[in-house]
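Commentary on secondary and tertiary structure
Listed below are the residues making up each chain.
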Amino acid sequence: MKINYIKCHGSGNKFVMIDTVAQQVDQSLLPALSNAVCNRELGIGADGILLLVQNVDGLYGMRMFNPDGSEAEMCGNGIRCIARLAEQYIGSREFDLTSGGKVYPTARYAPIYGDIPTYGVEIGVNLTSKDFAFIPTEQDCFIDCIIEPLHPTLRWTAISVGNPHIIAVVEKIDLSLLEQLGERVKHLPETFPYGVNISLVELRDKNRIFVTTFERGAGITPSCGTAMTSSATAMALQGLCDYGTEIIVENRGGMVRCLCSNEQGLKTTLIGNASFTERGEIDFDGKTFAFHSNTIIEDETEAWSSFLASRE
């Protein structure tokens, strides 16, 4: 199976993106393909694969597979890259995209740092979910509370944005602790029956936060769009950041802007880059793959590097 791909990233969250509207892909091979392609030593190296798809109603959307082959319901950084690819078919700067059975209003925004393509996606926020077995039945939300089986003192806020997240505010992010928490979740099936994404957040200034996330199925990653969305929302829910004002959310991969609203339902718009860095072709038979060609998109790679340097 020969596959054309685009390597892309949203806020440093790197993906191999495949346009299944323009080419046929064997669906049964997708978990194995993601596992092989995402391998940073033997494969292309990525945090997941993204598929541009189109449903029977004509709506364009995203499917995402994690490096371990599991499928994710939603990825905030990934859907911005899919938005850029889908826009060429749709011909409008505002449109809806689907992911995990949900519809997400999406739009192209003004470029950042001169010419870096930027997209925003409006994400509905839920405070309850089947994933949150730790919420007592008498509660309808879980904000700034302890989850005793996970940690005796950290206080968590639980948010679902198409996938489940728990967020704790800390003075300084400890990567070793975050790794331990992510691994501990795997041994707490009664508390986290479907796993959970874990974020630690530093409040660095008014409406400016720094986030690091342990993603289920991937481990600690440089960036996670839904985690940044959830973290900004959690800070607004706790009164630590403002509704109706853009919140700058930084991580090791880069930066996004989040705009939280509690009018007509809780929702947050995630705004950030959608950069294409490489185009190529691979051949995959279910076990092995080989490169046939790849072309580096130098101008976009350099633009992002310059943007990161400007933040230092």
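In this report, we go over the structure that sits alongside the text. In this text, all values refer to a predicted model and were calculated from it rather than measured experimentally.

**Side note on the overall build of the protein**
Along its length, the protein carries five helices and 19 strands. In summary, the protein has a C-alpha radius of gyration of 19 Å against a globular reference of 20 Å for 312 residues, a match within 12%. Projected onto the principal axes, the alpha-carbon positions of the protein cover approximately 55 × 40 × 40 Å. In the protein, the share of contacts with a sequence separation of at least 24, taken over all contacts with a separation of at least 6, comes to 61%. Distance from the positive charge centre (25 side chains) to the negative charge centre (39 side chains) of the protein: 2 Å.

**Concerning the environment of Ser293**
Looking at the element boundaries, Ser293 is found in strand S19 (residues 289-296). Taking the C-alpha atoms as reference points, Ser293 and Glu281, 12 residues apart in sequence, are found 5.5 Å from one another. Excluding its chain neighbours within four sequence positions, the residues that come into contact with Ser293 are Tyr5, Arg279, Gly280 and Glu281.

**Concerning the nonpolar core**
Counting residues in hydrophobic clusters, the biggest one holds 47 residues, and the most contacted among them are Met17, Leu50, Leu97, Ile209 and Val249. With 23 residues, the next largest nonpolar core counts Phe142, Ala168, Leu188 and Val196 among its residues.

Rules behind the numbers
Residues numbered from 1 in each chain as written. Predicted model: local features only at pLDDT ≥ 70, side-chain atom pairs only at ≥ 80, totals over all residues. Heavy atoms only, no water. Helix = DSSP H or I, 4+ residues; strand = E, 2+ residues; numbered from the N terminus. Rg over C-alpha atoms; globule rule 2.2 N^0.38 Å. Contact = heavy atoms within 4.5 Å. Lys, Arg positive; Asp, Glu negative; His and termini not counted. Charge placed at Lys NZ, Arg CZ, Asp CG, Glu CD. Core = buried A, V, L, I, M, F, W, Y, C linked by side-chain atoms within 4.5 Å. Buried < 20%, exposed > 50% of the residue type's maximum accessible area, 1.4 Å probe, protein only.

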